[in-house]
Amino acid sequence: MKLIGLDFGSTTSSMILASADVLKSRITGRSEFGNLEILYRSEPVFTPFHDELRLSLLLDRWFTEAGLTG
């Protein structure tokens, strides 16, 4: 499974992409993540909340750098 984390703070923003397996806990029987691997981590940038186009371009850039399509 691929996991995308987006952090939009009041000053900076960043993105992380990771892969993980969904496992069943032997103790509780609940689902949990295992074998977590970070695939991409962006550099933090100043949050462009005031400019929707700039924010959209930022997301597009991160997704391209991470190798995500669609």
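Nothing here was measured: the structure is a model prediction, and the numbers come from that model.

Chemist: When you look at the overall build of the protein in this model, what are you seeing that I'm missing?
Modeler: The helix and strand tally for the protein stands at one helix and four strands. Each helix and strand of the protein, ordered N terminal to C terminal, gives the series β-β-β-β-α. Expected size for 70 residues packed as a compact globule is a radius of gyration near 11 Å; at 15 Å, the protein overshoots this value by more than 25%. Along the longest, intermediate and shortest principal axes, the C-alpha atoms of the protein span 50 × 25 × 20 Å. A total of 70 residues make up the protein; the buried ones form 23% of that total. Restricting the contact set of the protein to residue pairs at least 6 apart, pairs at least 24 apart contribute 41%. For the protein, the accessible surface area stands at approximately 5,400 Å², while carbon and sulfur atoms represent 53% of it. The positive charge centre, built from 7 side chains, and the negative charge centre, built from 9, are 10 Å apart in the protein.

Chemist: What am I meant to see in the confidence of the model for the protein here?
Modeler: In regions of low pLDDT, the predicted coordinates are not meant to be interpreted in detail. Averaged over every residue, the pLDDT of the protein is 93; residues scoring 70 or more account for 100%. Across the protein, the secondary-structure element scoring lowest on mean pLDDT is helix H1 (residues 52-65), at 93, and the one scoring highest is strand S2 (residues 12-24), at 96.

Chemist: Mind showing me how you'd approach the side chain of Ser13 here?
Modeler: By secondary structure assignment, the location of Ser13 is in strand S2. At a separation of 2.6 Å, a polar atom in the side chain of Ser13 contacts the side chain of Thr47.

Chemist: What exactly am I supposed to notice about the pattern of salt bridges here?
Modeler: It is possible for side chains bearing opposite charge to pair when their charged atoms get close. Evaluated as defined, the whole model comprises one salt bridge. Here Glu65 ties to Arg61 by a salt bridge, and the two come within 3.4 Å at their closest N and O atoms. Within this pair, Glu65 and its partner Arg61 are both found in helix H1, separated by four residues, close to a single helical turn. By relative accessible area, Glu65 is classed as partly exposed at 45%.

Chemist: Would you take a moment to explain the packing of aromatic side chains for this structure?
Modeler: When we look at a pair of aromatic rings, we describe it by the centre distance and by the angle of the planes. For the coordinates displayed, the defined rule picks out one aromatic pair. The interplanar angle of 40° and the centroid separation of 6.4 Å between the aromatic rings of Phe8 and Trp62 together place this pair among those described as tilted. In this pair, Phe8 is assigned in strand S1 (residues 2-8) and Trp62 in helix H1, connecting sequence segments 54 residues apart. Classification of Phe8 as partly exposed rests on a relative accessible area of 31%.

Chemist: Where do I start with the pairing of S2 in this structure?
Modeler: Strand residues, when the strand is regular, have side chains that alternate between the two faces of the sheet. When S1 meets S2, the two strands line up antiparallel, connected through seven bridges. Bridging across to S2, Phe8 finds its partner in Ser13. In terms of strand pairing, S2 meets strand S4 (residues 45-46) through two bridges, oriented antiparallel. Directly across from Thr12, in S4, lies its bridge partner Phe46. Pairing between S2 and strand S3 (residues 31-41): eight bridges, direction antiparallel. Across the sheet, residue Lys24 finds its bridge partner in S3, namely Ser31.

Parameters and conventions
- Residues numbered from 1 in each chain as written.
- Predicted model: local features only at pLDDT ≥ 70, side-chain atom pairs only at ≥ 80, totals over all residues.
- Heavy atoms only, no water.
- Helix = DSSP H or I, 4+ residues; strand = E, 2+ residues; numbered from the N terminus.
- Rg over C-alpha atoms; globule rule 2.2 N^0.38 Å.
- Buried < 20%, exposed > 50% of the residue type's maximum accessible area, 1.4 Å probe, protein only.
- Contact = heavy atoms within 4.5 Å.
- Areas by Shrake-Rupley, 256 points an atom, 1.4 Å probe, with all protein chains shown as cover.
- Lys, Arg positive; Asp, Glu negative; His and termini not counted.
- Charge placed at Lys NZ, Arg CZ, Asp CG, Glu CD.
- pLDDT = per-residue confidence, 0-100.
- Polar contact = N/O pair within 3.5 Å; in protein donor to acceptor, adjacent residues only side chain to side chain.
- Salt bridge = Lys/Arg side-chain N within 4 Å of Asp/Glu carboxyl O.
- Phe/Tyr/Trp six-rings, centres within 6.5 Å; stacked < 30°, edge-to-face > 60°.
- Pairing = 2+ DSSP bridges.

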